[in-house]
Amino acid sequence: MTHRHEDVWVSTADPSVIGAVRRTAVALATAAGFDQNRTGQVAVAVTEAVSNLVKHAVEGAVLVRPHLERPGAVELVAVDKGPGIADLGRALRDGYSTSGTLGIGLGAIARMATGWDVYSVPGRGTVLVLHFTADGLPGPPLRVSGLRRPIGEESVCGDSFAFADDGDAISVLVCDGLGHGGLAAHASREAVRIFMEDPHALPAAALERLHRGLGHTRGGAVAVVRVDRESVTFAGLGNISGWIAHAEGRQGMISLPGIAGHKGRHPRQYEYALPPHATVVLHSDGLTDRWDPVSFPGLFVHSPAVVGATLLRDAGSRRDDACVVTVKQGQ
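Just so we're clear, the structure is a prediction, and the values are computed from it rather than from any experiment. The numbering scheme is per chain: residues are counted from 1 as the chain's sequence reads. The model is predicted, so local features are restricted to residues of pLDDT at least 70 and side-chain atom pairs to those at 80 or more, both for listing and for counting; the totals for chains, interfaces and linings are taken over all residues. By convention in this description, side-chain values take in all heavy atoms of the structure and omit both hydrogens and water.

A. Here's a closer look at helix 5 (residues 182-197). Along its 16 residues, helix 5 runs 23 Å from first to last C-alpha, staying within 8% of the 22 Å computed at 1.5 Å per residue. The rule is simple: take the accessible area with a 1.4 Å probe, protein chains only, and divide by the maximum for that residue type; under 20% is buried, over 50% is exposed, in between is partly exposed. Helix and strand labels come from DSSP, where a helix needs a run of H or I of at least four residues and a strand needs a run of E of at least two; each type is numbered from the N terminus. Listed in full, the buried residues belonging to helix 5 are Ala184, Ala185, Ala187, Ser188, Glu190, Ala191, Val192, Ile194 and Phe195. Tucked into the core, helix 5 has its buried residues touching strand 7 (159-165), strand 8 (170-177), helix 6 (203-213) and strand 9 (220-227). Residue count minus one, scaled by 1.5 Å, sets the expected span of a helix. The contact criterion used throughout is that any non-hydrogen atoms of two residues lie within 4.5 Å.

Quick look at the structure:
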């Protein structure tokens, strides 16, 4: 899977976003072949979810896009920084509205979705991820997710990612193009193109190919990881952070100094054991690397999309392009 479009995050500070996000979701569902009834369910669920953000969120933002693992599915990612849901079990029961109005509530939203996941800490906020498929079609495997956000008000992001899942292993590229704006985006898109020519190559070989191929661009920081059932193989050049994270802590992976396409030593790859239920996290320096899994109680049992969105919200900087990719092997 190549990430070819821009993730358009929409602030929920203005009520007009409810209609705009609903129209985007309906257009994606229609394009994916959802029937009229199923498209209507998508519209109702998305409207309610975004309405709750508009009414109660602090720094709320929402993203609707084709699902990265199954482009025929529609994904909604909603984040906010408060007030959080104190009693998630109650919020999911019928008759209880998350917005305190006569809204249909989180339970009904979840039932209309093919799949859903929510992480909420009182006082810190909520992350809600929904996905919808056409009637009768299975949901995506939920083994990998990636999110991007451009610096400030920029319309393009200088960070890019791509991944490929062959069933046994998941290979991922993250590239942070040097600087930001159009030239950085060009470099990172070129990295994606080169990577996808042979996405299942070993990380050191892929990184060598990227280093040779990016010389006509600005270049950037690049990391390639291969995640199988029991191990992680990682090769990096520049400051892409790679982590193996779980509830008790995290292990960092070694990246060599340099700029892919311009300067750097011969790529090396390193292999690490993958503990059961761990999450592999790659991110650009648009996220601080000082986040600590222990300060996110219960987060790392959640889906890759919820883990990534929470880290982007809490560790991300608006002063740089940001990209985070999360992988679970689903033990």
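B. Spatial organisation of the sheet that holds strand 2 (residues 61-66). Each pair of strands is called paired provided DSSP finds at least two bridges between the two strands. An order of 1-2-3-5-4 is seen for the 5 strands of this open sheet, with the pairing classed as antiparallel. Looking at the sheet topology across the chains shown, the edges are occupied by strand 1 (10-11) and strand 4 (115-121). Judged from the 2 bridges that link them, strand 1 and strand 2 form a sheet pairing that is antiparallel. Looking at the pairing, serine 11 lines up with alanine 61 of strand 2. Axis lines are fitted to C-alpha atoms, over the contacting stretch for helices. Their N-to-C directions set the angle, which ranges from 0 to 180 degrees. Packing of helix 2 (residues 36-56) onto the sheet brings it into contact with strand 2, strand 3 (74-79) and strand 5 (125-132), and relative to strand 5 it is tilted by some 170 degrees.

C. Inspection of the side chain of lysine 328 at higher detail. Take lysine 328: it is sitting in the segment after strand 17 (322-327). We treat Lys and Arg as the positive residues and Asp and Glu as the negative residues; His and chain ends play no part in the count. Salt bridge criterion: a side-chain nitrogen from Lys or Arg within 4 Å of a carboxyl oxygen from Asp or Glu. Buried and unpaired, lysine 328 has no salt bridge, with aspartate 117 as the nearest side chain of opposite charge at 8.2 Å. The term polar contact refers here to a pair of N or O atoms within 3.5 Å; inside protein, the definition further demands a hydrogen-donor-capable atom paired with an acceptor-capable atom, and it admits residues adjacent in sequence only when both atoms are side-chain atoms. Within the structure, lysine 328 has its side chain in polar contact with the backbone oxygen of phenylalanine 300 (distance 2.7 Å). For lysine 328, the side chain forms a polar contact with the main-chain oxygen of histidine 302, separated by 3.4 Å. Not counting chain neighbours up to four residues away, the residues in contact with lysine 328 comprise Arg143, Ile170, His277, Ala278, Thr279, Phe300, Val301, His302, Ser303 and Pro304.

D. A look at the domain arrangement of the protein. Segmentation of the protein into domains returns domain 1 (9-133) and domain 2 (144-328). As annotated, the domain borders come from an automatic or database domain assignment. Here the C-alpha centroids of domain 1 and domain 2 sit 27 Å apart. On the domain 2 side, the residues contacting the 18 residues of domain 1 number 22 residues. In total, domain 1 and domain 2 occlude about 1,600 Å² of area from one another, counting both sides; carbon and sulfur atoms represent 59% of this. Counting every contact that joins domain 1 to domain 2 gives 1 salt bridge. Two residues, aspartate 314 and arginine 124, come together in a salt bridge whose shortest N-O distance is 3.5 Å. The interface formed by domain 1 and domain 2 holds 8 residue pairs in polar contact (both at pLDDT 80 or more) in total. Mapped onto the side of domain 1 that touches domain 2, the elements with two or more residues apiece are strand 2, strand 3, strand 4 and strand 5. Looking at the side of domain 1 that touches domain 2, the element that brings in the most residues is strand 5, giving 4 residues. The term buried area means the drop in 1.4 Å probe accessible area that two parts suffer when joined, counted for both and summed.

E. Spotlight on the environment of aspartate 135. Topologically, aspartate 135 is positioned in the loop between strand 5 and strand 6 (144-149). Using a relative accessible area of 49% as the deciding quantity, one classes aspartate 135 as partly exposed. Distance in space between the C-alpha atoms of aspartate 135 and threonine 39 is 9.9 Å, their sequence separation being 96 residues. The contact partners of aspartate 135, leaving out residues within four places of it in the chain, are Asp35 and Arg38.

F. A look at the sheet that holds strand 15 (residues 270-273). Reading across the sheet, the 5 strands line up as 7-8-9-10-15 and stay open at both edges, with antiparallel pairing between neighbours. Unpaired on one side and paired on the other, strand 7 and strand 15 mark the two borders of the sheet. Within the sheet, the average angular offset between the axes of one strand and its neighbour, ignoring direction, is 15 degrees. Where strand 10 (residues 231-237) lies against strand 15, 4 bridges are found, and the strand directions are antiparallel. Across the sheet, residue threonine 233 finds its bridge partner in strand 15, namely glutamate 271. With respect to the sheet, helix 5 is in contact with strand 7, strand 8 and strand 9, its orientation differing from that of strand 8 by roughly 160 degrees. Each of strand 8, strand 9 and strand 10 is contacted by helix 6, which is oriented at about 20 degrees to strand 10, the strand it contacts most.

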